[in-house]
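# Breakdown of the fold
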Amino acid sequence: MPSPTHGTFIWCELMTTDMDKAAEFYGSVVGWKAKTMPMPGMEDEPYGIFDTRSGDEDCGVAGFMILPPEMAGELPPNWTGYVGVDDVDAMVKQIEAEGGSVRKAPFDVPCVGRMAVVADPHGAVLCIMTPVPMDNPPPMAPIGTPGTFGWQELYANDGREALSFYGKLFGWTLDHAMPMGEMGDYLIFAHHGRPVGGMMTRPPAVPVACWSYYITVPSIAAAVEKIQAGGGTVVFGPQEVPGGSQIVQALDPQGAYFALVGGA
């Protein structure tokens, strides 16, 4: 029987070509504070942490690192999500059995956990991780706090096929479907009864199947001004979505795609 945390989005990570500029840009747009730290076993490759403020504490919500040079020719700067699983090795076998693929075989990150990079049958990439148990885990900002990730979204080759695949792996279930006319249904999926994201069949404008991650901000209008002032590019929106929130999708100055959700 899977644990309650199996299938939970636990982290997001930016691979970028310029950590200093990324820290400055997202600090302005989202309000994050950035810090760097050495990674065990990789002391020459600093790892960045984006913090958001929750009450009286700074809470880590995302990581950022330099895009490895050997990947720069085939992979643009990007955001990738991490899903927590009970057993990375067992999950990799199940992913392959269900038609997915392994982009990087399971490996250990000292003091952090065991992880792998995988793709679903349509090619959308995720990281999966079994974190190392902690006696004193760091503070976590409540969902909905500005600076936290408030929504996950998958552009799939076939939305319902994708939901079936992820349901077998992570226990995600269909909460409800929203008709979008010629674009088909937007499938809102839930984890243990709580809606956490949406899936849809990708439109022609989206060239490949991919995940995107929405960061919560207080004001979309204010964020758009900061995106443009900081050298980013708005590619969609602002647009109101069901429930009254607004969204915007954008590229940061290094070309990484990201999305925001918040009030007007």
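Described in the following lines is the structure provided in the data block. (Residues numbered from 1 in each chain as written. Predicted model: local features only at pLDDT ≥ 70, side-chain atom pairs only at ≥ 80, totals over all residues. Heavy atoms only, no water.)

## A short note on the sheet that holds strand 11 (residues 185-191)
In spatial order, the strands read 10-11-12-9-13-16-15-14; together these eight strands make up an open sheet with mixed pairing. At either end of the open sheet lies a strand with only one pairing partner, and these are strand 10 (173-179) and strand 14 (233-240). Taken over all neighbouring pairs, the strand axes of this sheet differ in orientation by 25° on average, direction set aside. Both strand 9 (residues 149-156) and strand 13 (residues 210-219) contribute to a ladder of six bridges, which runs antiparallel. Within strand 13, the residue paired with Leu154 across the bridge is Trp211. (Pairing = 2+ DSSP bridges. Helix = DSSP H or I, 4+ residues; strand = E, 2+ residues; numbered from the N terminus. Axes fitted to C-alpha atoms, helices over the stretch in contact; angles between N-to-C directions.)

## Here we look at the pattern of salt bridges
Scanning all chains against the criterion turns up seven salt bridges. In this structure, the salt-bridge partner of Arg114 is Asp89, at a minimum N-O distance of 2.7 Å. Taken together, the residues Arg114 in strand 7 (residues 113-119) and Asp89 in helix 3 (residues 88-97) connect sequence positions 25 residues apart. Using a relative accessible area of 26% as the deciding quantity, one classes Arg114 as partly exposed. Residue classification places Asp89 among the partly exposed residues on the basis of a relative accessible area of 31%. Overlapping salt bridges, with partners in common, bring together Lys33, Arg53 and Asp58 in one network. (Salt bridge = Lys/Arg side-chain N within 4 Å of Asp/Glu carboxyl O. Buried < 20%, exposed > 50% of the residue type's maximum accessible area, 1.4 Å probe, protein only.)

## Quick word on the environment of Gly193
Structurally, Gly193 is set in the loop between strand 11 and strand 12 (194-201). Looking at Gly193, the relative accessible area reads 60%, which means it is exposed. For the pair Gly193 and Thr173, spaced 20 residues apart in sequence, the C-alpha separation works out to 7.9 Å.

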